[in-house]
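Examining the three-dimensional arrangement
Given next are the chains, with one letter for each unit.
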Amino acid sequence: MNKLPKLIDGRRPKRSEVPPEDCLCDYCTAKCCQYFALPIEKPTDQADLDHIRWYLMHEHAAIFVEDDQWYLLMQTRCKHLQPDFRCGTYETRPQICRDYKTDNCEFDDDAVYDMYFETSEQVAEYMEAMRVTRNGPVARSPEPPMLPILS
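Predicted model only: the values in this text are computed from it and were never measured.

**A few points about the overall build of the protein**
Secondary structure summary: the protein contains three helices and four strands in total. Helices and strands appear in the protein in the N-to-C order β-α-β-β-α-β-α. Computed over the C-alpha atoms, the radius of gyration of the protein is 21 Å, more than 25% above the 15 Å expected from 2.2 N^0.38 for a compact globule of 151 residues. Seen through its C-alpha atoms, the protein measures out along the principal axes to roughly 65 × 45 × 25 Å. When burial is assessed residue by residue, the protein has 23% of its 151 residues classed as buried.

**Quick word on the nonpolar core**
By size, the foremost hydrophobic cluster in this structure holds 13 residues, and its most contacted members are Ile-52, Leu-56, Ile-63, Trp-70, Phe-117 and Val-123. At the level of secondary structure, the elements contributing two or more residues to this core comprise helix 1 (46-56), strand 2 (61-66), strand 3 (69-74) and helix 3 (120-129). Here Phe-117 is in contact with Leu-56, Ala-62, Ile-63, Trp-70, Gln-122, Val-123 and Tyr-126, once residues within four sequence places are set aside. Val-18, Leu-24, Tyr-27 and Cys-28 belong to the second largest nonpolar core, which has six residues in total.

**Remarks on the sheet that holds strand 2**
The antiparallel open sheet is built from four strands, whose spatial order is 1-3-2-4. The open sheet has two edge strands, strand 1 (36-40) and strand 4 (115-117), and neither has a second partner. Direction aside, the axes of adjacent strands within the sheet are offset by 25 degrees on average. Sheet analysis places strand 1 next to strand 3, joined by five bridges and oriented antiparallel. The residue bridging Pro-39 from the neighbouring strand is Tyr-71, located in strand 3. Set on the sheet, helix 1 makes contact with strand 1, strand 2, strand 3 and strand 4; between it and strand 2 the angle comes to about 130 degrees. Contacts between helix 3 and the sheet are confined to strand 3 and strand 4, with strand 4 contributing the most and set at about 130 degrees to the helix.

**Examining the pairing of strand 3**
Pairing between strand 2 and strand 3: six bridges, direction antiparallel. Following the sheet pairing, Val-65 is matched in strand 3 by Trp-70. Taken together, strand 2 and the strand that follows it, strand 3, pair antiparallel across an intervening segment of two residues, in which Asp-67 is found at a positive phi of about 55 degrees.

**Examining the packing of aromatic side chains**
Summed over the entire model, instances satisfying the criterion amount to seven aromatic pairs. Relative to Tyr-113, the ring of Phe-64 lies with its centre 4.3 Å away and its plane at 35 degrees, an arrangement referred to as tilted. Pair noted here: Phe-64 is in strand 2 and Tyr-113 is in the loop between helix 2 (95-99) and strand 4, with a separation of 49 residues, a long-range link. Exposure remark for Phe-64: the relative accessible area of 6% places this residue in the buried category. A relative accessible area of 31% means that Tyr-113 is categorised as partly exposed. On the basis of an interplanar angle of 65 degrees and a centroid distance of 5.9 Å, the ring pair of Trp-70 and Tyr-126 is categorised as edge-to-face.

**Regarding the pattern of salt bridges**
A full pass over the atoms with the stated rule returns six salt bridges. Residues Glu-17 and Arg-11 are paired through a salt bridge, measuring 2.8 Å at the closest nitrogen-oxygen approach. Here Arg-11 falls in the partly exposed class, since its relative accessible area comes to 36%. A salt bridge links Lys-42 to Asp-68; the nearest nitrogen and oxygen atoms lie 3.4 Å apart. Here Asp-68 lies in the loop between strand 2 and strand 3 and Lys-42 lies in the loop between strand 1 and helix 1, a separation of 26 residues in the sequence.

Calculation rules
- Residues numbered from 1 in each chain as written.
- Predicted model: local features only at pLDDT ≥ 70, side-chain atom pairs only at ≥ 80, totals over all residues.
- Heavy atoms only, no water.
- Helix = DSSP H or I, 4+ residues; strand = E, 2+ residues; numbered from the N terminus.
- Rg over C-alpha atoms; globule rule 2.2 N^0.38 Å.
- Buried < 20%, exposed > 50% of the residue type's maximum accessible area, 1.4 Å probe, protein only.
- Core = buried A, V, L, I, M, F, W, Y, C linked by side-chain atoms within 4.5 Å.
- Contact = heavy atoms within 4.5 Å.
- Pairing = 2+ DSSP bridges.
- Axes fitted to C-alpha atoms, helices over the stretch in contact; angles between N-to-C directions.
- Phe/Tyr/Trp six-rings, centres within 6.5 Å; stacked < 30°, edge-to-face > 60°.
- Salt bridge = Lys/Arg side-chain N within 4 Å of Asp/Glu carboxyl O.

Structure (structure tokens):
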């Protein structure tokens with residue numbers, strides 16, 4: 001049985017429209033069960049950024065930065081997620097799932113990251129912009145100072 005999420009007035013509601021007595025998960029497609037994000041160390045040199053480029057050479061991987069914390073994001077569905085968007089191992093699910101609360105989940109699709117990388121090329125551009133290379137600073141010169149405004 002493939003159950004679709006509940007609708008309000010024929011549409012998916014905003015978080016604020018879900019009745020307080022209802023479970024928010026009844027209105028969702030279990031986004032939280034279709035990825036995981038692990039904190040990683042902030043890159044400080046070219047070797048660190050090379051590792052990040054390597055992560056992004058793998059399918060379904062992304063890197064994002066939120067509040068100065070870097071994360072490896074893997075877009076991969078939990079193998080226990082059922083067609084009705086419920087957990088197939090709910091009674092024996094891992095503690096991390098038990099601890100998860102909907103207070104800050106991405107139900108409303110309004111996440112904005114400080115930085116988001118999907119390709120190794122984006123990281124290479126970031127490396128150049130941040131002037132990080134294997135052999136020290138990049139060849140291009142720094143941005144010149146602003147000229148004074150004449151009145």
